[in-house]
Amino acid sequence: MFGLGDLNLTYLVSITLVSLYVSTAAVLVSATLGLPMALAVSFRDFRGKAVVTSIISTGMGFPSVVVGLLVLLALSRSGPLGEFELLFTPEAMILSQTVLALPVLVSVALSAIQSVPQDLRDAAFASGGTSTDVALLVVREARYGIVTALLAAYGRAISEVGSVLIVGGNIVFSDGTSFTRTLTTAITVEARKGNIETGIALGGILLALVLAVNALGARFRDRTPSGGRR
Amino acid sequence: MTDSIVATDITHGFENGAILEDVSLGVEPGEILAVVGPSGTGKTTLFRLLAMFDRPDSGVIEFDGDDVWSMSDARRLEVRRRIGMGFQNRSLFSASVADNVAYGLRVRRSWKTRVASAVSGLLGPADYDEAVTAALETVGMADKASRDAGSLSAGEAQRVAIARALAPDPDVLLLDEPTSNLDPRNTAVIEAAMRAARDRGIAVALATHDMQQARRVSDRTAVLLDGTCIESGATDRVFESPTDDRVRQFVEGKLVY
Ligand SMILES: Nc1ncnc2c1ncn2[C@@H]1O[C@H](COP(=O)(O)OP(=O)(O)O)[C@@H](O)[C@H]1O
Ligand SMILES: [Mg+2]
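Residues numbered from 1 in each chain as written. Chains lettered and ligands numbered in written order. Predicted model: local features only at pLDDT ≥ 70, side-chain atom pairs only at ≥ 80, totals over all residues. Heavy atoms only, no water.

Whenever I open this one, the sheet that holds strand β3 (residues 32-36) of chain B confuses me. Can you help?
Strand pairs in the sheet, formed through backbone hydrogen bonds, run parallel or antiparallel to each other. All names here are of chain B. Judged by pairing direction, the sheet is mixed, and its six strands sit side by side in the order β6-β7-β8-β3-β9-β10 without closing on themselves. Both outer strands of the open sheet, β6 (83-86) and β10 (228-234), are each paired with one neighbouring strand and no more. The sheet shows a mean angle of 15° between the axes of neighbouring strands, taken without regard to direction. Relative to strand β9 (residues 220-225), β3 runs parallel, the two sharing four bridges. Looking at β9, one finds that A34 is bridged to T221. (Pairing = 2+ DSSP bridges. Helix = DSSP H or I, 4+ residues; strand = E, 2+ residues; numbered from the N terminus. Axes fitted to C-alpha atoms, helices over the stretch in contact; angles between N-to-C directions.)

So this is what it looks like as structure tokens:
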């Protein structure tokens, strides 16, 4: 019905690559910041811990257009990050997706870390472990939950449209390949232009990516964790 | 022989008040000390202090004559690494039996060695220390080294946990109710492992609510009641001619906890 011949393959591939690049980078940045945050919140007592925890949980449901707006203000010429001239670049989209993915990652990782029984932490300590050893043990015990957190963050990043549209600008180069056009923003454009076939192809790619991520997550969850549990 | 680990005038509590009051006791190399008392009396709290989980509110804990809370953190870590501990609850990691038992040995290695062995572990099966096999043999679990820890019965898991405490060859072994809820066969294996540890010169401290177990395995007994040590001495003496009336009633079966 929809012949591949009608589709511009270079266009589709370039969009997919931009989406993958931006979301993967956002998840990597989120993980670099978020896993130590999750560990700190569950292991240490510090001032403002309650505030951090509540920011994380409200951050989960933060409207992405609002995040886009705030990142836009921050990156605009007069904003605090204006000097980096990042607005309407893939890196601006990485920034806004990081803001969106981080709370998801931290809260899922946090619940995984907190569900590791205290008895196991105690056993690691009593076996001669330092506090670093205990933290590593906890990460190892929570590994399935942490992978789930990464995948959930990925899902949030790649399927998000509002903020990347605002800070990325949905730009294509004159040769028709994507600069800041992602699968989601491309779909809005193509649908509005009436290019249903292209829109469906993009939607199919996005769906396939999201399904692949979820299938990975299900595989990890289904592997029965064992050991310290009854 | 001087005592390996000595607690003197330990008082400790939580938000809701003092749990331990002026408790003093010590364990010598090559003996089993039983700390007996009903549940809720402070045995676990005391053992956690001996294992240096927390600093006592007051009182001194000495290891080979040195106050463990006046020494540097690095020195205290060294001292901690001469102590092994078994817990009342299931405490095995989600890993194979051998990996569990190797844990204490692994954390004692340098980071360089640890990274190198993690990398070589990815390439081929890990080579397990003889110490791991030896520790598993003392609890009759050597044939299950490659089993997943999660698949073990409660008794087997407790035996592996004791092997994990023994593998680094500690000077002190603290066992907190190692056999509560276990069947007689597993209990017998664990009691034999305690005796074997004692015969190797390890100072063994056993917390139990089971007076009969204390009588079976220990050389000395300290009776803890409501956070105070009400009687202590050679096990035979404590059981045959207790000085405290509550201990007498307990021994004669008139006082049941
Ligand atoms: N972390 C804690 N916070 C508050 N109370 C505690 C804590 N740990 C133990 N307790 C209390 O201390 C008392 C003694 O507990 P525990 O040392 O576990 O006794 P035992 O091991 O002899 O059963 C109990 O009343 C218990 O509720
Ligand atoms: Mg207890």
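Sorry if this is basic, but what is going on with the UniProt feature "transmembrane region" (unreviewed entry) in chain A here?
All names here are of chain A. UniProt marks residues 20-43, 50-74, 94-113 and 200-220 with the feature "transmembrane region" (unreviewed entry), using the numbering shown here. Helix makes up 100% of residues 20-43 and strand 0%. Its end C-alpha atoms lie 33 Å apart. Overall, residues 94-113 shows 100% helix and 0% strand. The separation of its end C-alpha atoms is 26 Å. (UniProt positions renumbered as here; feature names shortened; annotations may be inferred.)

I'm lost on the site of ligand 1 in this one. Help?
Residues and elements named next belong to chain B. In the neighbourhood of ligand 1, the contacting residues comprise F14, N16, I19, P38, S39, G40, T41, G42, K43, T44 and T45. In this structure, T41 approaches ligand 1 through a main-chain N or O atom, which is 3.2 Å from an oxygen atom. Interatomic distance of 2.9 Å between a backbone N/O atom of K43 and an oxygen atom of ligand 1. The fraction of the free accessible surface of ligand 1 (560 Å²) that becomes covered by protein chains is 61%. (Near = heavy atom within 4 Å. Polar contact = N/O pair within 3.5 Å; in protein donor to acceptor, adjacent residues only side chain to side chain. Areas by Shrake-Rupley, 256 points an atom, 1.4 Å probe, with all protein chains shown as cover.)

Could you clarify how one ought to interpret the sheet that holds strand β4 (residues 58-63) of chain B in this entry?
Residue and element names in this part refer to chain B. With antiparallel pairing, four strands are arranged side by side in an open sheet as β2-β1-β4-β5. Where the open sheet ends on each side, the last strands, each with one partner, are β2 (17-27) and β5 (66-67). In this structure, β4 lies alongside β5, joined through two bridges in antiparallel fashion. Along β5, the bridge assignment pairs E62 with D67.

What's the story with the pairing of β9 of chain B in this structure? I'm lost.
Working note: regular strand, side chains alternate between the two faces of the sheet. All names here are of chain B. The buried fraction of β9 amounts to five of the six residues, a majority that puts the element mostly inside the structure. In this sheet, β10 lies alongside β9 in antiparallel orientation, the contact comprising six bridges. If you follow R220 over to β10, its bridge partner there is A234. Between the end of β9 and the start of β10, which pair antiparallel, lie two residues, with D226 showing a positive phi angle near 50°. (Buried < 20%, exposed > 50% of the residue type's maximum accessible area, 1.4 Å probe, protein only.)

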